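# Structural features, examined
Spelled out from the first residue to the last, the chains are:
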Amino acid sequence: MASTTKKPWIRTPLIESAALSKAAGCRIFLKLENLQPSGSFKSRGIGNYMLRRLPDPASGSSGPIHFYCSSGGNAGLACAHAARALSRPCTVVVPLTTSALMIAKIRAAGATAVIQEGASWVEADTYMRLILMREAEKKGEKVVYAPPFDDPDIWEGHSWMMDEIKDDLDKVALDERGGRSEPEAVICGVGGGGLFSGVMQGIDRHGWGHVPVIALETHGTDSLNQALKRGELKAPTLPAITSRATCLGARTVCRQAFEYGQRKNVKSVVLEDAEAAMGCWRLADDERMMVELACGVNVALCYGGRLEKYLGRKLNAESKVVVIVCGGSNITVEELTSYRQEYGHIEKFEARNEEVPSTQSAPNGSR
Ligand SMILES: *Cc1c(COP(=O)(O)O)cnc(C)c1O
């Protein structure tokens, strides 16, 4: 078999959104991580982690490598895509709760095997590590466990998106002759805290340590927010995940994220599922992109005066704000429609700007 290796992630565009800028009252730049091969930024972190574990061709030693991942979500999908880019086998073990859609997507991405086992992630993960990986090792495979968020190689992989953002904002400033390239805020979601840790690492690398970072969670996945309020990180922070934004649902964030979260420039913000859902349908209306709730929560901040409210100060038409469109594949047209049926009522209480496309459409068909 010809063994090729291709980088498992791509450089993504940073686009200025006219519609979201209008809604937010400042310049909104969208970092389109939804365009990654796996549909989320996880291609970067997991891709980098896996790339770094390939045997050094110079040494030529070690048995055939096989990647293992226990996630029915975007991490499993990122692992399957990365394994294919690296021409290596991968096995993804998912709990019985995983949707048929995600299983089909992980299979289609080229996973060598997708195995359903266990009622919860813990059971799936335990089965994979204690049974499958041990058996494979006995057969002489070099097994590599791909973690979703808690590893320096994951954070490093994510951090490079800040290099691209810096580069692109520099170009914007150059084109506009003398404008400042630095953003006035960066908006990103927090699950286990891998993305957030990578963003902070990248921000430090460019001397942007004073730039406000808004770290978003939903009620019911707010493990960073709760740990920061208590001033300590003890597992588990949350007794259970009670939000539909399951991709943000880590009961405890990684220590690195907790430490970054204590910085003065970080604002931890928690929104409702209804607001995250609104972010999803408005992004679909305004930019024709489908993302899951975990990403909609970031977009929601651009509407209804939320950005200034949570940033705690006024922005003007020139202020540049970067929203990380982290993506996520667990979304369908039908689900988007059902979000609007279920949560459309929140638009009745929104500060609306009728010039924004999404405010012209009818939640619940009621306008
Ligand atoms: C994984 C994921 C997150 C959360 O990332 P962490 O690194 O776990 O904090 C947010 N959004 C999407 C779409 C994801 O797939």
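Please read all numbers here as calculations on a predicted model, not as lab measurements.

## Some details on the site of the ligand
In the neighbourhood of the ligand, 16 residues make up the surrounding shell, with Lys42, Asn74, Gly191, Gly193 and Leu195 lying closest. Taking Gly194, its main chain carries an N or O atom lying 2.9 Å from an oxygen atom of the ligand. At 2.8 Å, a backbone N or O of Leu195 approaches an oxygen atom of the ligand. For the shell around the ligand, the class distribution of residues is eight nonpolar, seven polar and one charged.

## Overview of the packing of aromatic side chains
Note on aromatic pairs: each is described by the distance of the centres and the angle between the planes. Scanning all chains against the criterion turns up two aromatic pairs. An angle of 25 degrees between the planes, with centres 5.8 Å apart, marks the rings of Trp9 and Trp160 as stacked. Of this pair, Trp9 sits in the segment before strand 1 (14-17) while Trp160 is found in helix 6 (residues 152-175), placing the two residues 151 residues apart along the sequence. Taking relative accessible area as the criterion, Trp9 reaches 8% and is therefore assigned buried. Overall, the relative accessible area of 24% leaves Trp160 in the partly exposed class. Here the aromatic rings of Phe196 and Tyr260 are separated by 6.4 Å at their centres, their planes lie at 80 degrees, and the arrangement is edge-to-face.

## What to know about helix 2 (residues 42-51)
Within helix 2, nine of the 10 residues are buried, leaving the element largely enclosed by the surrounding structure. Of all the residues in helix 2, the buried ones are Lys42, Ser43, Arg44, Gly45, Ile46, Gly47, Asn48, Tyr49 and Met50.

## Remarks on helix 4 (residues 100-108)
Each α-helix turn comprises 3.6 residues. Residues three or four places apart therefore point the same way. Within helix 4, burial applies to Met102, Ile103 and Ile106. For helix 4, the angular spread of the buried residues around the axis is 100 degrees, confining them to a single face. For helix 4, the exposed residues set more than 90 degrees away from the buried face come down to Ala100 and Ala108. Packing partners of the buried residues in helix 4 comprise helix 3 (74-85), strand 4 (90-94) and strand 5 (113-116).

## With respect to the sheet that holds strand 2 (residues 27-32)
Taking strand neighbours across the sheet as the criterion, the six strands line up as 1-2-10-7-8-9 in an open arrangement whose pairing is mixed. Edge positions in the sheet fall to strand 1 and strand 9 (266-271), since each of these pairs with one other strand and no more. Each strand of the sheet is rotated relative to its neighbour by a mean of 25 degrees, with strand direction disregarded. When strand 7 (residues 185-189) meets strand 8 (residues 213-218), the two strands line up parallel, connected through four bridges. For Val186, the partnering residue across the bridge sits in strand 8 and is Val213. Docked against the sheet, helix 7 (residues 194-205) engages strand 7, strand 8, strand 9 and strand 10 (320-325), running at close to 155 degrees with respect to strand 7.

## Description of the sheet that holds strand 4
The strand order across the open sheet formed by four strands is 5-4-3-6, and the pairing between neighbours is parallel. Edge positions in the open sheet fall to strand 5 and strand 6 (142-145), since each of these has one partner strand only. Between one strand and the next, the sheet's axes are offset by a mean angle of 20 degrees, whatever the strand orientation. Pairing analysis gives four bridges linking strand 3 (residues 65-69) to strand 6, with the strands arranged parallel. Following the sheet pairing, Tyr68 is matched in strand 6 by Tyr145. Helix 3 contacts strand 3 and strand 4 of the sheet and is inclined by roughly 165 degrees relative to strand 3.

Procedures and definitions
- Residues numbered from 1 in each chain as written.
- Predicted model: local features only at pLDDT ≥ 70, side-chain atom pairs only at ≥ 80, totals over all residues.
- Heavy atoms only, no water.
- Near = heavy atom within 4 Å.
- Polar contact = N/O pair within 3.5 Å; in protein donor to acceptor, adjacent residues only side chain to side chain.
- Nonpolar A, V, L, I, M, F, W, Y, C, P; charged D, E, K, R; others polar.
- Phe/Tyr/Trp six-rings, centres within 6.5 Å; stacked < 30°, edge-to-face > 60°.
- Helix = DSSP H or I, 4+ residues; strand = E, 2+ residues; numbered from the N terminus.
- Buried < 20%, exposed > 50% of the residue type's maximum accessible area, 1.4 Å probe, protein only.
- Arc of directions from axis to C-beta.
- Contact = heavy atoms within 4.5 Å.
- Pairing = 2+ DSSP bridges.
- Axes fitted to C-alpha atoms, helices over the stretch in contact; angles between N-to-C directions.

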